[in-house]
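The lines below spell out each chain.
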Amino acid sequence: MTYLSAVLMGILQGVAEFLPISSSGHLALFQRFFAVENYEETQMFFTVLLHLGTLLSVCVYYWRDIWDMIREFFALLVSGFERKGRRERGTVPPARRMVLLIVVATLPLFAILPIKDVVEEIMGNAVFVSVALIATGFILFFSDRMARGRKDARNATVTDALLVGCAQALGTLPGISRSGSTISAGMLRGFDRGFAVRFSFLMSLPAVLGANILTLVDVVKEGAIDSSMLPVFLIGAVVAAVVGYFAIRLVNLLTNKGKFGAFAYYCWAMGTVSLVANFVVK
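Just so it is clear, the model here is predicted, and its values are computed rather than measured. Along every chain, residues carry numbers that run from 1 in the direction the sequence is written. Local features are withheld for residues below a pLDDT of 70 in this predicted model, meaning they are given only at 70 or higher, and side-chain atom pairs are given and counted only at 80 or more; totals for whole chains, interfaces and linings count all residues. Side-chain numbers here rest on the full set of heavy atoms in the structure, without hydrogens or water.

Attention now moves to the overall build of the protein. Strands are runs of DSSP state E lasting at least 2 residues, helices are runs of H or I lasting at least 4, and numbering of each runs from the N terminus. Each helix and strand in the protein was counted, giving twelve helices and zero strands. The order of helices and strands in the protein, counted from the N terminus, is α-α-α-α-α-α-α-α-α-α-α-α. Here's how the labels work: a residue is buried when its accessible area is under 20% of the maximum for its type, exposed when over 50%, partly exposed in between, all with a 1.4 Å probe on protein chains only. Taken across its 282 residues, the protein has 49% of its residues classed as buried. When checking whether two residues touch, look at their non-hydrogen atoms; a contact exists if any pair is within 4.5 Å. Restricting to contacts in the protein with at least 6 residues of sequence separation, those with at least 24 account for 83%. Computed with a 1.4 Å probe, the accessible areas rest on the Shrake-Rupley method; for each residue, only the protein chains presented here act as cover. Looking at the protein as shown, the accessible area adds up to about 13,800 Å², and 68% of this sits on carbon and sulfur atoms.

Below, the structure is given as C-alpha cells:
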C-alpha cells in the first residue's frame, strides 16, 4: 500500500463514515475495484486505525457533550442510580439521561457478536454491498419526508433509544449506512433533527471503540501487524480524522436544512454502477 492509497482511503473513510453513504461499503468496493496491493493482509489493522481516526473527529467536535456525559456518568455511579431522594424524572440532567440512552442504544449490538465473522465475510461480496447501498438510498429518501420532531435528551424514551440502537445494529452490514439508518430512525421516533444527528454520532463512540478493540485483538492474535507500514497507516488515520470533522459539520448543516435525503440519489447511483461493474470487471 502506498501513501497515496492510504490518503485516498483516509478521505473515503472520513467522508463516508459520517455522510450517510456507508464507509464500510465504500471501503469494500474500493478494495474490490482498485485492487489495493496487499490490502487483504493489512485491511484489518488499517481499518481499525481509520475508524479510530474518525472516532477522534467525533470526540473533538462534540467534546463539550462528551465531557458533560463523563461527569454525569461518574455522578450516576456515586448516586447509585438514584432519582433524587426520590427526585422527579424531569429534573435529571440531560447529560445523565444521554448516558443512559446511549447505554440502551448500544445493547442491540451484542446480538451481532455471534455473527461477527459472517458480517466480515460479507465485506468481500460486492453484489451484497451494492444492493445494500441502494437500500440505504431508500432509507434516506424517506427520512426527509418525516415530520419534524421535538424530542431531545430531556424527553426521549428508552424505547426510542432501543429502536435507534437496532438501526445501528443493522448499520453494521457493509453498504447500510450506520449514520443514515440511525439518524433516520431517530427522526422516525420524533427526535429533533439536530438531536438525531448528535445522538447518532455520540452513540457511535462505544460502538466503534468496542468493535475496533475486538478487531485489534484478532489482529494481534493473527500477527497481522506490519510495523514497517505503520507510517503509511497513520497518515491515512490522520486524514480520516481531519476529513471526518468537516463531514460532521456538513451533515449537521444539511440535516437542519432538510436536505439529508439528497444523499439517496448518490447511494442509488453508486449502488447501481457498482452492481453493474461487478459483472463486467473480473
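This brings us to the layout of surface pockets. Approximately 390 Å³ is the volume attributed to the second largest pocket. Lining the second largest pocket are 14 residues, and of these Met69, Val99, Ile102, Val103 and Pro206 sit closest to its centre. Only Asp, Glu, Lys and Arg are considered charged in this grouping, and only Ala, Val, Leu, Ile, Met, Phe, Trp, Tyr, Cys and Pro are considered nonpolar; every other residue, Gly among them, is considered polar. The class makeup of the residues in the lining of the second largest pocket is 13 nonpolar, one polar and no charged. Method remark: on a 1 Å grid restricted to protein atoms, a set of points is classed as a cavity if a 1.4 Å probe fits but cannot get out and as a pocket if it is open with protein on both sides within 12 Å along at least five of seven lines; lining residues have an atom within 4 Å of a point. Grid points are joined across faces, edges and corners, and a volume is the space filled by probe spheres set on the points.

Another aspect to go through is a nonpolar patch on the surface. Patches here: salt-bridge-free residues with over 30% relative accessible area, like charges joined within 9 Å, nonpolar side chains (Val, Leu, Ile, Met, Phe, Trp, Tyr) joined within 5 Å. The working definition used for a salt bridge is a side-chain nitrogen of Lys or Arg within 4 Å of a carboxyl oxygen of Asp or Glu. On the surface, Trp63, Trp67, Ile70, Phe73, Phe74 and Leu77 cluster together into a nonpolar patch covering about 640 Å² of accessible area. Counting through the fold element by element, Trp67 comes out in helix H4 (residues 63-79). Taking relative accessible area as the criterion, Trp67 reaches 48% and is therefore assigned partly exposed.

Now for the side chain of Ser143. Tracing the chain through its elements places Ser143 in helix H7 (residues 126-143). Under the relative-accessibility criterion, Ser143 is labelled buried at 0%. By the criterion applied in these results, polar contacts are pairs of N or O atoms within 3.5 Å in which, for protein atoms, one can donate a hydrogen and the other can accept it, and in which residues neighboring in sequence qualify only through two side-chain atoms. Looking at Ser143, its side chain comes within polar contact range of the main-chain oxygen of Leu140, at 2.6 Å. Residues within four places of Ser143 in sequence aside, it is in contact with Ser184, Met187, Arg193, Phe260 and Gly261.

Our focus in this paragraph is helix H12 (residues 263-280). The span one expects for a helix is its residue count, reduced by one, times 1.5 Å. Across its 18 residues, H12 extends 26 Å between first and last C-alpha, which sits within 8% of the 26 Å expected from 1.5 Å per residue. When H12 is considered as a whole, its buried residues turn out to be Phe263, Ala264, Cys267, Gly271, Ser274, Ala277 and Asn278.

Time to look at the packing of helix H8 (residues 158-170) against helix H10 (residues 193-222). Put simply, H8 and H10 touch, their axes get as near as 11 Å, and they point 65° apart. Between H8 and H10, the crossing angle belongs to the class labelled roughly perpendicular. Taken as a pair, H8 and H10 cross one another with a handedness that is right-handed. Here Ala161, Val164, Gly165 and Gln168 of H8 come into contact with H10, specifically with Phe199, Met203, Ser204 and Ala207. Comment: axis = line fitted to C-alpha atoms, over the contacting stretch for helices; angle = value between 0 and 180 degrees taken between N-to-C directions. Roughly parallel here means an angle under 35 degrees, roughly antiparallel means over 145, roughly perpendicular means 65 to 115, and every remaining angle is called oblique. Working rule for handedness: look at the near helix, and if it is turned counterclockwise from the far one by less than a right angle, call the crossing left-handed; if clockwise, right-handed.

Across all of its chains, the model carries six salt bridges by this definition. One salt bridge in this structure joins Arg71 and Asp68, with 2.8 Å as the shortest N-O distance. In this pair, Arg71 and Asp68 are both assigned in helix H4, three residues apart and thus about one turn of the helix distant. According to the relative accessible area criterion, Arg71 is partly exposed, its value standing at 48%. You can call Asp68 partly exposed: its relative accessible area is 30%. Note that Arg96 is salt-bridged to Glu72, the shortest N-O span being 3.0 Å. Remark: Glu72 occurs in helix H4 and Arg96 occurs in helix H5 (residues 94-106); sequence separation between them is 24 residues. In this pair, the class of Arg96 matches that of Glu72, namely buried. Overlapping salt bridges bring together Lys151, Asp160 and Arg189 as one network.

The next point concerns the nonpolar core. Take the buried Ala, Val, Leu, Ile, Met, Phe, Trp, Tyr and Cys residues and link them wherever side-chain atoms come within 4.5 Å; each set so joined is a nonpolar core. Ranked by internal contacts, the top residues of the largest apolar core, which has 43 residues, are Tyr62, Met69, Met98, Phe199, Phe201 and Leu202. Those residues in contact with Phe199 that sit more than four places away from it in its chain are Met98, Leu101, Ile102, Ala105, Ala161, Val164 and Phe191. Within the second largest apolar cluster, 15 residues are counted, among which are Met1, Met9, Leu27 and Met229.

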